[in-house]
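Read off the chains here:
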Amino acid sequence: MGSSPTAPTALMETYNRLPIAFTRGKGCWLWDSNGNCFLDAVAGIATCSLGHSDRALRRELSKQLNRLQHVSNLFRIPEQEELAKWLVKNSCAQKVFFCNSGAEANEASIKLSRKYGHLIRNIENPIILSAKSSFHGRTLAALSATGQTKYHEGFGPLVKGFEFFSFNDIQSIERLLYRLEAEGPKVASVLIEPIQGEGGVNPGTKIFFKRLRELCDEYKVLLIFDEVQIGMARSGHWWGYQELGVEPDAFTIAKGLGGGHAIGALLVKEKADLFSPGDHASTFGGNPFACKAGLTVAKEIEKRKLLSNVQARGKQITSGLVQLINEFPHELKEVRGWGLLQGLVIQEDSTLIAEQLVKAAIKERLLIGSAGRKVVRIIPPLTITSNEVKKILIRLKSSLIATSK
Ligand SMILES: *Cc1c(COP(=O)(O)O)cnc(C)c1O
């Protein structure tokens, strides 16, 4: 398949790349350089919301490329204002800052937290609380906010001012907050994913998030959601917080927003609308091209009623996976997730690991991802059809048969 797995390239070794190079895509399907056809349940790591080579996206982005691509934020950008208007109309937020990626959006939220801590709570060294097993990105502050030591190793000193609690554990967050705030204001914000993606597809519980919201209100601490993976319809709602019945004071998005094009955003409610000119910026952030991509994704999700498709296909995947678990009880433990972010959890005492299953699936011409050692992640385009879901399930079963032999 493709070129040899060990072919040396001029690229730095930041990824263990699979030896496949895709040259063409259409919807949920990808073709490699040898003409092999794959069913894509990774979607560029949850970015290609409308699938590959979507007709509306091609049409709108070609027009935009022919008209204007980039001008910088020294000027008004109508496409940016229009996308911000759409986001504000369709979420709990009142203002938007645009950037280029998830990590960059989280960096903005970290700076915002610090400013809030200084300005509103009068804290000299504001602390941000984050969850264990979280993932917030690879830039230094986002990395420091990430609650997984494996990503920290070799990169110290980390950015100061982060403390960690256990996800979905009310006592853990209460204890941490009580301790830190015992002698006056110390905490600026809580930064948390509504559902942990990279960390193993762990959905937040309503009871935990309800208490977290109360605590943040009580202590006047900002509650910031990292919706980089789940936001923009992947849960079957526009935003992950709608699954929990709790609104954040600010939240970040990126992955699915541009349908495969680089764009990220920090969205804030009025009380977190604290940046003044000069506080923060991004040269490429919110350029006409990226914002046209975001706008087209938003409009197409609406027009094609993809929220209900995500809900229906999500249920179909869940029940198919439950059936698989029944057929492979020694290998598989449970399925968890929202909408089209589903995690298939492998039994702890089984020798099977997620990476093996991902590789077996490739032989079956199915692309799936992993989320840690023991969780397989299914994150197809939001446009996936019922027939395509059936094919995912069939190919996944063949992969399981191959790995359990
Ligand atoms: C992917 C991801 C990020 C990082 O996004 P990048 O665009 O890779 O910087 C941050 N938070 C969450 C929840 C993510 O899934």
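Preceding this paragraph is the structure being described.
No experiment lies behind these values; they were computed from the predicted model shown.

**Re the pattern of salt bridges**
Applying the stated criterion across every chain, the model contains 22 salt bridges. Here R304 makes a salt bridge to E300, at a shortest N to O gap of 2.8 Å. Given the relative accessible area of 35%, R304 is considered partly exposed. We classify E300 as buried; its relative accessible area is 6%. The structure contains a network of salt bridges with shared partners spanning D54, E300, K303 and R304.

**Digging into the nonpolar core**
Core analysis: the largest hydrophobic core is formed by 94 residues, its most contacted members being L129, V190 and I192. The contacts of L129, once residues within four sequence positions are left out, are E163, F165, I173, L176, L177, L180, V187, S189, V190 and L191. Judged by nonpolar contacts, the second largest core, of 19 residues, contains A105, A108, Y116 and A272.

**Overview of the sheet that holds strand β16 (residues 369-370)**
The antiparallel open sheet is built from 4 strands, whose spatial order is β13-β14-β17-β16. Each edge of the open sheet carries a strand with a single partner, namely β13 (332-338) and β16. Alignment of β16 against strand β17 (residues 375-378), held across 2 bridges, turns out to be antiparallel. For G369, the partnering residue across the bridge sits in β17 and is R377. Helix-sheet contacts for helix α11 (residues 306-327) involve β13, β14 (341-346) and β17, and the interaxial angle to β13 is about 170 degrees.

**Some words on the side chain of D249**
In this fold, D249 is placed in the loop between α9 (241-244) and β11 (250-253). A distance of 3.0 Å separates the side chain of D249 from the side chain of R213, its partner in a polar contact.

**Comments concerning helix α4 (residues 102-119)**
Taking 1.5 Å per residue as the helical rise, α4 with its 18 residues ought to reach 26 Å, and the 25 Å between its terminal C-alpha atoms agrees with that figure. Looking at where α4 begins, the residue whose side-chain oxygen comes 3.2 Å from the main-chain nitrogen of E104 is S101.

**Quick look at the state of the cysteines**
If you walk through the whole model with that rule in mind, you get 0 disulfides. Its sulfur unpaired, C92 is 14 Å from the next cysteine sulfur, which belongs to C216. Of the cysteine sulfurs around C291, a residue in no disulfide, the closest is that of C99, at 11 Å. Given a relative accessible area of 0%, C291 falls into the buried group.

**What to know about the environment of V310**
Along the chain, V310 falls in helix α11. Classification of V310 by relative accessible area gives buried; the value is 0%. Distance in space between the C-alpha atoms of V310 and I384 is 8.2 Å, their sequence separation being 74 residues. If sequence neighbours within four positions are ignored, V310 has contacts with A233, R234, S235, G236, G339, L340 and L382.

**A look at helix α8 (residues 206-219)**
With 14 residues, α8 ought to run about 20 Å at 1.5 Å a step, and its terminal C-alpha atoms sit 20 Å apart, in line with that. Every buried residue of α8 is accounted for by F208, F209, R211, L212, R213, L215, C216 and Y219. K220 sits one or two positions beyond α8 and adopts a positive phi of about 60 degrees.

**Some details on the site of the ligand**
Lining the immediate surroundings of the ligand are 13 residues, of which G102, A103, D226, Q229 and K255 lie closest. One of the backbone N or O atoms of A103 is found 2.7 Å from an oxygen atom in the ligand. Between D226 and the ligand, the recorded distance is 2.7 Å, taken from a side-chain N or O atom to a nitrogen atom. Burial of the ligand by the protein chains amounts to 81% of its free accessible area of 380 Å². Across the shell around the ligand, the residue classes break down as 3 nonpolar, 6 polar and 4 charged.

So, how was this worked out
Counting starts from 1 at the beginning of each chain's written sequence and moves along it residue by residue. This being a predicted model, a pLDDT of at least 70 is required before a residue's local features are given, and a value of 80 or more before pairs of side-chain atoms are given or counted; all residues contribute to the totals for chains, interfaces and linings. Water and hydrogen atoms were dropped before computing side-chain values, which therefore reflect all heavy atoms in the structure. Salt bridge criterion: a side-chain nitrogen from Lys or Arg within 4 Å of a carboxyl oxygen from Asp or Glu. Categorising residues by exposure relies on relative accessible area from a 1.4 Å probe, with only protein chains included: less than 20% of the type maximum marks a residue as buried, more than 50% marks it as exposed, and the intermediate range marks it as partly exposed. Nine residue types can take part in a nonpolar core, namely buried Ala, Val, Leu, Ile, Met, Phe, Trp, Tyr and Cys, and a core is a set of them joined through side-chain atoms within 4.5 Å. A contact between two residues is defined here by any heavy atoms of the two lying within 4.5 Å. Any two strands between which DSSP finds at least two bridges are classified as paired. Comment: elements are numbered from the N terminus, with helices defined as DSSP H or I runs of at least four residues and strands as E runs of at least two. In this analysis an axis means a line fitted to C-alpha atoms, helices contributing only their contacting stretch, and an angle means the value between N-to-C directions, from 0 to 180 degrees. Distance and chemistry together define a polar contact, namely a pair of N or O atoms within 3.5 Å, with one atom able to donate a hydrogen and the other to accept it when in protein, and with adjacent residues in sequence counting only for side-chain atoms on both sides. A helix is expected to span 1.5 Å for every residue after the first. In what follows, a disulfide is any cysteine sulfur pair within 2.5 Å. When at least one non-hydrogen atom of a residue lies within 4 Å of a molecule or strand, that residue is treated as near it. Shrake-Rupley sampling with a 1.4 Å probe provides the accessible areas, and residues are treated as covered by the protein chains on show and by no other component. Side-chain classes follow a simple rule in which Ala, Val, Leu, Ile, Met, Phe, Trp, Tyr, Cys and Pro form the nonpolar group, Asp, Glu, Lys and Arg form the charged group, and the remainder, Gly included, forms the polar group.

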